[in-house]
Structures are given as structure tokens and as C-alpha cells.
Amino acid sequence: MKYIDEFQDPELARRLLDSIHAAVTRPWALMEVCGGQTHTIIRHGIDQLLPDEVELIHGPGCPVCVTPLEVIDKALEIASRPGVIFCSFGDMLRVPGTGRDLFGVRSEGGDVRVVYSPLDALRIARQNPDRQVVFFGIGFETTAPPNAMTVYQARRLGIRNFSLLVSHVRVPPAIEAIMRSPACRVQAFLAAGHVCSVMGTGEYPALAERYRVPIVVTGFEPLDILEGVRRTVLQLERGEHAVENAYRRAVLDEGNPAARAMLDDVFEVTDRAWRGIGVIPDSGWQLSARYRDFDAEHRFSVAGITTLEPAACRAGEVLQGLLKPHECEAFGSVCTPRTPLGATMVSSEGACAAYYLYRRLDVAAPRLEASPVV
Amino acid sequence: MLSWTCPAPLRDQPRVVMGHGGGGALSAELVEHIFAPAFGGEVLAQLGDAAAVTLGGTRLAFSTDSYVVRPLFFPGGSIGDLAVNGTVNDLAMSGARAAYLSCAFILEEGVEMPVVARVAEAIGAAARVAGVEVATGDTKVVEAGHGDGVYVNTAGIGLIPAGVDLRPQRVVPGDVVIVSGEIGAHGVAVMSVREGLEFGVDIESDCAALGGLVDAMLAVTPDLHVLRDPTRGGLAAALNEIAAAARVGVVIQERSVPVPPAVANACAILGLDPMYVANEGKLVAFVPREHADAVLAAMRAHPLGARARVIGAAVADHPGMVVARTGLGGTRVVDLPVGEQLPRIC
């Protein structure tokens, strides 16, 4: 427990806040890349405690949110087929595809199972040799290595009834896309600590230099966030743009070489569509040629799916930091966690869900949805 | 603003999903839109955990619950303990001491007889501890593959003492909110065995019958306003239900909510919030301010309330909404859970 309490200490937080308040002389816009950081910020009210000059812009780092609707629809299609056991992390089950979600598929008889590790899905495949077992492999550099390991193991063990529906994405190309946008206001980044614990910090100096933005690798507890903000603001005030690692208890500069080797073996870089944003060059991974047999998209022939995004959903702008969740017309009225238009409202790391769950007292009081009775 | 009398239509859920049984917003919609209109009746309209009825001049509490927990046996308890304590506690939240229970089994073809015997023994033992008699029962068997081994339904009745009137509508701004102990142990204990997760320490369910604790509280004053056992949906759901029904706001101090370190760690790993995790041996009480110190002292003198804490208060602001003051000094809304909590991806 001390590992949590230590990083939520109110007294230390106060000192960091004092330091930030003392350092700030003018407005700055910082983007926290990761949805987990967004939730920490909103859940603990950190944005309420920062100086008015420091604006936190919420980035695209929610793996559930950025998974394209087309991939969700492919998942729904595969999960609906007889003989398939579809395995996923829990928070993908409520993400709406075109018309329904994976919970809906399960209620219609589909065999959809929540697992806590992709290796659990492989175990299910071994236990059910007459069924096809598919794991929904989504996420950033954080979840890609264990998913790669699973495919590696499946191949090594000769398990033929297992496949991966892959929609992995990479953070640095997304940062580049955000900085290239003409509407970009971001002046510095709090980089996602989990991602860097795998990939290290080597991809960031070139970005920091090219766009003259400070990048501070930041953890996920309240004190981590405050320390990241403090270091970022200090750099901005001094006119610097370096890469700093403020999460040294988890992140080595070289990352995790074994995980990176596994990624290099199983995956290859590809262009990837981000939900609400569009295709970003080189921003994703797909299974490399020698593992293509384990690609669920090939095995189940799910090409040609047509998707329909709700017109009212402005999640793409939220993911790019162009819009705060409560500034969307649909927020809290037609779009709620019970009736989400987009993944940002349903994902446990989504910015819209964070605002709805924790902050709607401040931002949406006139539009609260009906509260259920006892 | 909050709509109480004219709720929104049932959402577009063409079929039952797991969330309809999760004790959150979907469960409430099912009751509100399908069951309550179909059944009618003034007593049901109370929509409490137990119904308060008057029969032959006697005030009774009457409640039923079904238990479908997996696995049947878990650290600190079993489906049998839950089936007794759950219903006993629903009655206790009306201030009633449970007197008689019914016990109905739905058994799956093929279940080993020693398993049934273990469940039955657990029910008998829990009933003796709770001071309640199993007076009637029923058994049905379903075909193999149509159940999870053993389902149990219990119903119970008990007397409501004179002068006791526990319901959310009695809550007023200024009431003190007290929780009887550390939260989250039951949900994490069951999850640890069901999902094969190990958290480095043993976490046992808090499953217990709360009738004695409630008696101790009522002995201080019969003027408690409402009691609720925060089972499915956890403390967050219980507080939201009371806030909505009482039309008051609730403010809690997040750092005052007692969470065992092992539960906090497990929740941190899984991305869950302890406020939403189920409990089976805890209660939350809204107590008039003038009685709060004495009630708290009485709770702490009872083994099941030794770690009771004041966690907040009812307020006139933001009616129907629960707000937490965070440890760092910010605020956040504590919402009713939508359905089941889902472990996060990373």
C-alpha cells in the first residue's frame, strides 16, 4: 500500500503545487498523452488545483478510444460466429460498434469471455481444440509485448486454433500528427510512463527538437502528474525543450529490451487508422509475415465491413485536444456512459468518461440524465 | 435536472445483459420500467431492500434475494453464508431482527452431493449465528449445462421494533454518514478466486449478519434515518440510491473512507474503484447529527463495527448527487455504476 500512499501524499502534493504556482508567469498548454493520466487528473481534481495559467489538454492515449469502429465491427462479426470463443480485456466489451457492443453479442448467444491476460486466451484455445479462439489485441506499446508473446507461444506450441485481432498503435507518430495539425495548441507533453517503460525514451529527443516542445516522461499517481507538470512548466518558462524522465522508478532510458525484441519479431510497423482522428502513417503494428497465419482478419475474412459513426460524436476532436469533453453538444445529454456515442465516453480511460464520472457537477449540471431510483 | 417522476424510457437493450444484474443503473431501469409497473402495489413502490408491511397490527419486514455466486466457496465464506446473511441484512436495514427464512435450491444435474451438503451445512451454521430459523424451503433440479451448480434463494421476515422508521425519505441535510468498517473485501475476495488472481496477500470476504450491530445502534436511539448494506455496486451505489431517494446531496471525505491496504492494492492493479466493490458484512448509516457520536461509539463497541468511521454528511446542495472531496483537495462526483465494473486494459 505504501507504494500508492507515497504518491498521493497531500503534504508533498501541496509543496509541488506551491512550486508550480511560483514558477508560472504566463499561460501554458500541456498535453498529457495517456488516458490513465487524464483519469488521475480528473479523479483527484488536480486540474482544479493548478494555476489558471496551466491548461491540461487531454491526449489520444486511450487504447479503447482510438480503436477504429471498423475493427470493433470486425470483432463483433467474428464474435458472433458459431464455434468462436472471443476473448478480450473487460473494457472493450461495452465499446459501441455500429449498432451494438460485445455484451450485446454475448446476450445473443456469442461466446465472449473477459480475460486478464492474453495467455489466458491461449490456455482457452488449448482446452477447446475444436473451437476457434480469438484474442482482441488492442492497445499501445504497453499491451503489445504480451500480445506478441502470446502469438509467439502459439506458434512455438503449434496451437492452430488461436488468432489475434490486431489493432495496436504507437505513441510517437501520434505526437507528431498532433504537432503537425494547424490547430495544435500543445506546447509540451507529459509522455506516458507505461509506454516508455517498454520503449524507453529514445524516440522522443528528435520530436522534442523538431517541434521545440519539452517532453517529460510521467507516471500515473497524483504526485507523478504534479512532478511532470512542474518539470514541464520549468522548461517552458526557461525556453527549453528537452526530454526528461520523471518516472525513473519504472522507466529506463533503454526501455525493456526483451519486450522490444519480442515486438520486433512478431510485429511490423504499418499505417493505422485512429478512431476519430484518421490514418496516421507508421502509427501501428500488424503481425509480421511469418506470423500472418495468426491474424484473425485473414482467418475469418471480415473485409468489406461498412461502418457508421454517430454524426453527433466529436470524440476525434477530444482525442486531438481540440475540444474539452463538456464542450461537445452531446455530452451528458444524448451521450452518457449508459448511452455512449463514442468510445471516449465508455472506456475506463476515456476523457469524456472522466468528465462525466467525476466532473459533471461543475460542467454539465443543467444536462444531467435521469438518475435511477433505488 | 434530475427527473424523478418521469424517468427516461428503457434504453435500447433488446436483451438482458450482465449489467442488468449488477445492482447499478441498468438494474434500476429493469425494476423501474418492467417489474414495478407490471406488479403494481404500494408496498413494492417503496423499492427498499426489504418491504415494510403491517399485518394484523404488527409491523413486519419482508425480503427475498437470490444467490448465484461463482465459485460456491471463497475465502471467508460460501454461497450458503451469503444466502443467509444477505437476506438477514436486508431485513436488518429496516431495523428488523430476522425471525424466519425460506430457502429454495436450484441444483444443476450432476453436482456432487458433498457440495450440496457443504452448502446446506453453511446455511445451517450461518442461520444459527444470525439467530434465525429456516422454516420452509424448496428444491428444483435443472438439466446439466443450465446452471452454475447451485443457486440459492432465501426470503425472510422479521419484526420492526416500535418507533423505528428507516427509509431514505427521512434523511435531511446535516445527517452524518457513518460506515461500519473497511470496504471492498468481499468483492475482491470473490474475484481473487474466481479469476485466479493472486494479490500477494489473502483477502477474506467480510460476509456477516448485521442484526446484532443494528440492535446496538437502535439501543442508542431508534431515530436512525436510514441504513443500507452496500452490497452489489458497493458504497457508491448505496450512497447514490439514498441521495436520489432522499433528494439530498451527499459529501464524503475520500480519505476518511476506510479501505484495507490489500483491497486498495488489488483495485489499483485491476483499475477498479473500491467504492464500487461489493461488501457483505458492512452497513452505511445516515444518523441525525445530535446522535452521531453516541451511535458511532455503540458501533465501535460491537465486533462488526469496531472500525466504524464518519465519512461525510448529507447536504442541501446538489440533490441526488454524491460528491467526494479528494485527498489532494479537489472534488469529484461519485456516480452510480452503470453495470459491472470492468478491469481495464492496461
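Shown above is the structure to which this text applies.
As the structure is a computational prediction, the values presented were derived from the model and not from experiment.

Engineer: Requested: an account of the overall build of chain B, with residues and values cited.
Structural biologist: When you go through chain B residue by residue, the secondary structure sums to eight helices and 14 strands. The globule rule puts the C-alpha radius of gyration for 346 residues at 20 Å, and the 20 Å found for chain B is close to it. Considering only C-alpha atoms, chain B reaches an extent of 60 × 55 × 45 Å along its principal axes. Contacts in chain B between residues far apart in sequence, at least 24 positions, make up 83% of those at least 6 positions apart. As displayed, chain B has an accessible area near 14,500 Å², and 55% of this comes from carbon and sulfur atoms. Averaging the locations of the 23 positively and 36 negatively charged side chains of chain B gives two centres separated by 6 Å.

Engineer: Give a description of unusual backbone geometry that names residues and reports values.
Structural biologist: Among all residues except glycine, the phi angle is most often negative; among peptide bonds, the trans geometry is most common. Going from B:Arg70 to B:Pro71, the amide bond is cis rather than trans, its omega being -5°. Positionally, B:Pro71 belongs in the loop between β2 (58–67) and β3 (73–74). Although it is not a glycine, A:Asp282 sits at a positive phi angle of roughly 55°. Examined against the element boundaries, A:Asp282 turns out to sit in strand β11 (residues 278–287). Taking the relative accessible area as the measure of exposure, A:Asp282 reaches 44% and is therefore partly exposed. Positive phi, normally seen in glycine, also occurs at B:His318, with a value near 30°. Structurally, B:His318 can be placed in the loop between β12 (309–315) and β13 (322–325). The exposure class assigned to B:His318 is buried, which follows from its relative accessible area of 19%.

Engineer: Go over helix α1 (residues 25–39) of chain B, please, and point to the residues and values.
Structural biologist: Residues and elements named next belong to chain B. In this model α1 runs 20 Å from its N-terminal to its C-terminal C-alpha over 15 residues, within 8% of the 21 Å that 1.5 Å per residue would give. Helix geometry: α1 is bent most strongly at Val-31, by close to 35°. For α1, the full list of buried residues reads Ala-25, Leu-26, Ser-27, Ala-28, Glu-29, Leu-30 and Glu-32. Once α1 ends, the next one or two residues include Gly-40, with phi positive near 65°.

Engineer: With reference to specific residues and values, describe the nonpolar core.
Structural biologist: With 90 residues, the main nonpolar core has A:Phe86, A:Phe162, A:Phe189 and A:Phe267 as its most contacted residues. Among the elements that make up this core, the one with the highest residue count is helix α6 (residues 69–79) of chain A (six residues). Excluding residues that lie within four positions of it along the chain, A:Phe267 makes contacts with A:Ala144, A:Ala148, A:Leu164, A:Val166, A:His168, A:Trp285, A:Gln286, A:Leu287 and A:Ser288. Residues B:Phe74, B:Ala96, B:Leu210 and B:Leu283 belong to the second largest nonpolar core, which totals 52 residues.

Engineer: Account for the pairing of strand β8 (residues 176–179) of chain B, naming residues and giving values.
Structural biologist: Residues and elements named next belong to chain B. Residues Val-176 and Ile-178 point to one face of β8 and Val-177 and Val-179 to the other, with burial holding for every one of them. As paired elements, β8 and strand β11 (residues 284–287) share four bridges and run antiparallel to each other. From the neighbouring strand, Ile-178 faces β11, where its bridge partner is Ala-285. Of the strand pairs in this sheet, β8 and β12 are connected by four bridges, and their pairing is antiparallel. Across the sheet, Val-179 pairs through a bridge with Arg-309, a residue of β12.

Engineer: Quick one: what's the story with the environment of B:Thr64, residue by residue and with numbers?
Structural biologist: All names here are of chain B. As for its placement among the helices and strands, Thr-64 is situated in strand β2. Spatially, the C-alpha atom of Thr-64 lies 8.5 Å from that of Asp-49, the residues being 15 residues apart in sequence. When sequence neighbours within four positions are dropped, the list of residues in contact with Thr-64 reads Asn-153, Thr-154 and Ala-155. At 3.2 Å, the side chain of Thr-64 and the side chain of Asn-153 are in polar contact.

Engineer: Please provide a residue-by-residue account of the side chain of A:Ser88, values included.
Structural biologist: All names here are of chain A. By the secondary structure assignment, Ser-88 is in strand β3 (residues 84–88). Since its relative accessible area comes to 0%, Ser-88 is described here as buried. Beyond its immediate sequence surroundings of up to four residues, Ser-88 is in contact with Leu-93, Arg-113, Val-114, Val-115, Phe-135 and Phe-136.

Engineer: An account of a nonpolar patch on the surface is requested, with residue identities and associated values reported.
Structural biologist: Together, B:Ile34, B:Phe35, B:Phe39 and B:Leu44 give the surface a local cluster of nonpolar side chains, amounting to about 380 Å² of exposed area. Assignment of secondary structure puts B:Phe35 in helix α1.

Engineer: Break down the pattern of salt bridges for me, citing the residues and quoting the values.
Structural biologist: Residues and elements named next belong to chain A. The tally for this structure, following the rule as stated, stands at 36 salt bridges over all chains. Between Glu-227 and Arg-231 there is a salt bridge whose closest N-O contact spans 2.9 Å. Of this pair, Glu-227 and Arg-231 both sit in helix α13 (residues 222–238), four residues apart, roughly one helical turn. With relative accessibility at 16%, the residue Glu-227 sits in the buried group. Close ionic contact of Arg-314 with Glu-317 constitutes a salt bridge, the shortest N to O distance being 3.0 Å. In this structure Arg-314 comes out as partly exposed when scored by relative accessible area, which is 32%. According to the relative accessible area criterion, Glu-317 is partly exposed, its value standing at 28%.

Cut-offs applied
- Residues numbered from 1 in each chain as written.
- Chains lettered and ligands numbered in written order.
- Predicted model: local features only at pLDDT ≥ 70, side-chain atom pairs only at ≥ 80, totals over all residues.
- Heavy atoms only, no water.
- Helix = DSSP H or I, 4+ residues; strand = E, 2+ residues; numbered from the N terminus.
- Rg over C-alpha atoms; globule rule 2.2 N^0.38 Å.
- Contact = heavy atoms within 4.5 Å.
- Areas by Shrake-Rupley, 256 points an atom, 1.4 Å probe, with all protein chains shown as cover.
- Lys, Arg positive; Asp, Glu negative; His and termini not counted.
- Charge placed at Lys NZ, Arg CZ, Asp CG, Glu CD.
- Buried < 20%, exposed > 50% of the residue type's maximum accessible area, 1.4 Å probe, protein only.
- Expected span 1.5 Å × (residues − 1).
- Bend = angle between axes of the 7 residues up to and from the residue.
- Core = buried A, V, L, I, M, F, W, Y, C linked by side-chain atoms within 4.5 Å.
- Pairing = 2+ DSSP bridges.
- Polar contact = N/O pair within 3.5 Å; in protein donor to acceptor, adjacent residues only side chain to side chain.
- Patch = residues over 30% accessible without salt bridge, like charges linked within 9 Å, V, L, I, M, F, W, Y side chains within 5 Å.
- Salt bridge = Lys/Arg side-chain N within 4 Å of Asp/Glu carboxyl O.

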